[in-house]
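# Summary of the model geometry
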Amino acid sequence: MTAIAEYREPGKCIRRIMRCVISYVLVFALGWLLIALTGPRPLKSLSSSFEHSSFGDSLLYYAGAGLTMLVMIGLPSIVIILIAGLLRKKMGSKEFRALVAGLLLLPVWPLLLVGTHLILYIQIGVQVVFAVALMPVPLLPPPVAVNIGRRP
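The structure reproduced in this document is the subject of the present report. (Residues numbered from 1 in each chain as written. Predicted model: local features only at pLDDT ≥ 70, side-chain atom pairs only at ≥ 80, totals over all residues. Heavy atoms only, no water.)

## Some remarks on helix H2 (residues 55–87)
Helix length check: H2, at 33 residues, gives a terminal C-alpha distance of 44 Å against a target of 48 Å (1.5 Å per residue), a fit within 8%. The sharpest bend along H2 comes to roughly 40°, located at Leu 70. By the burial criterion, the buried members of H2 are Ser 58, Tyr 62, Gly 66, Met 69, Ile 73, Gly 74, Ser 77, Ile 78, Ile 81, Ala 84 and Gly 85. (Helix = DSSP H or I, 4+ residues; strand = E, 2+ residues; numbered from the N terminus. Expected span 1.5 Å × (residues − 1). Bend = angle between axes of the 7 residues up to and from the residue. Buried < 20%, exposed > 50% of the residue type's maximum accessible area, 1.4 Å probe, protein only.)

Next up, the structure:
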């Protein structure tokens, strides 16, 4: 008598989840690099006049802001991606990607308070590009069937 059991290999599942998280962080970092290169330069902090910071200081400022936004926007986005990917059952990939793209816009709301909309638009672009083009769908690999049999 034989029975077929299906299971997912834990090593493949962990690798796919880690690849998803790493690719999101890389896309997020590229988005903030684009913001640093094109965004408005901040004003000098110790100056009484309205002078702008140098380009190098501006890059450092946006790098720090990017790390802060990774905590404020990136971590909730990663949680949304993982929960949605793990709960996905029989939804088509196009519908699932559209759903995740909509859900990933929720953590972006703090950027509505930023003075320039360029940062908001680039971050929305990062979220949508990841959901539509880069997120692995399905997140978990398909189960592997194994014959389990008893020998008489």
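## As for helix H4 (residues 117–134)
Taking 1.5 Å of rise per residue, 18 residues should cover 26 Å, and H4 covers 24 Å from first to last C-alpha, within 8% of that figure. Burial in H4 covers these residues: Ile 119, Leu 120, Ile 122, Gln 123, Val 126, Gln 127, Phe 130 and Ala 131. In this fold, the buried residues of H4 make contact with helix H1 (10–38), H2 and helix H3 (93–103). (Contact = heavy atoms within 4.5 Å.)

## Describing the packing of H1 against H2
In the contact formed by H1 and H2, the axes pass within 8 Å of each other and the chain directions differ by 150°. By the criterion of interaxial angle, the relationship of H1 to H2 is roughly antiparallel. Between H1 and H2 the crossing geometry is right-handed. A breakdown of the residues in the contact of H1 with H2 according to their chemical character gives 21 nonpolar, three polar and no charged. (Axes fitted to C-alpha atoms, helices over the stretch in contact; angles between N-to-C directions. Parallel < 35°, antiparallel > 145°, perpendicular 65-115°, else oblique. Left-handed = near helix turned anticlockwise from the far one by under 90°. Nonpolar A, V, L, I, M, F, W, Y, C, P; charged D, E, K, R; others polar.)

## A look at the packing of H3 against H4
The geometry of H3 relative to H4 is characterised by a closest axis approach of 9 Å and an angle of 165° between their N-to-C directions. One finds that H3 runs roughly antiparallel with respect to H4. The way H3 lies across H4 gives a crossing that is right-handed. Within the contact between the two elements, H3 uses Arg 97, Val 100 and Ala 101 and H4 uses Ala 131, Val 132, Ala 133 and Leu 134. Among the residues forming the contact of H3 with H4, the class breakdown is six nonpolar, no polar and one charged.

## Digging into the side chain of Gln 127
Its location among the elements puts Gln 127 in helix H4. When neighbours within four sequence positions are excluded, Gln 127 is seen to be in contact with Tyr 24, Ile 73, Ser 77, Leu 104 and Val 108.

## A short note on the side chain of Gln 123
Note that Gln 123 resides in helix H4. Residues contacting Gln 123, with those up to four places away along its chain left out, are Tyr 24, Phe 28, Trp 32, Ile 73, Val 108 and Leu 111.

## A short note on a nonpolar patch on the surface
On the surface, a nonpolar cluster with roughly 400 Å² of combined accessible area is contributed by Ile 14, Met 18, Ile 22 and Leu 26. By the element assignment, Leu 26 lies in helix H1. Residue Leu 26 is classed as exposed on the basis of its relative accessible area, which comes to 54%. (Patch = residues over 30% accessible without salt bridge, like charges linked within 9 Å, V, L, I, M, F, W, Y side chains within 5 Å. Areas by Shrake-Rupley, 256 points an atom, 1.4 Å probe, with all protein chains shown as cover. Salt bridge = Lys/Arg side-chain N within 4 Å of Asp/Glu carboxyl O.)

## So, the nonpolar core
Counting residues in each nonpolar core, the largest one holds 27 residues, and the members touching the most others are Tyr 24, Trp 32, Ile 73, Ile 81, Val 100, Leu 111 and Phe 130. Looking at this core, the elements that each hand over two or more residues are H1, H2, H3 and H4. The element contributing the most residues to this core is H1, with seven residues. Those residues within four positions of Trp 32 in sequence are excluded, and the remaining contacts are Tyr 62, Ala 65, Gly 66, Met 69, Ile 119 and Gln 123. (Core = buried A, V, L, I, M, F, W, Y, C linked by side-chain atoms within 4.5 Å.)

In short, shape yes, function no, at least from these values alone.
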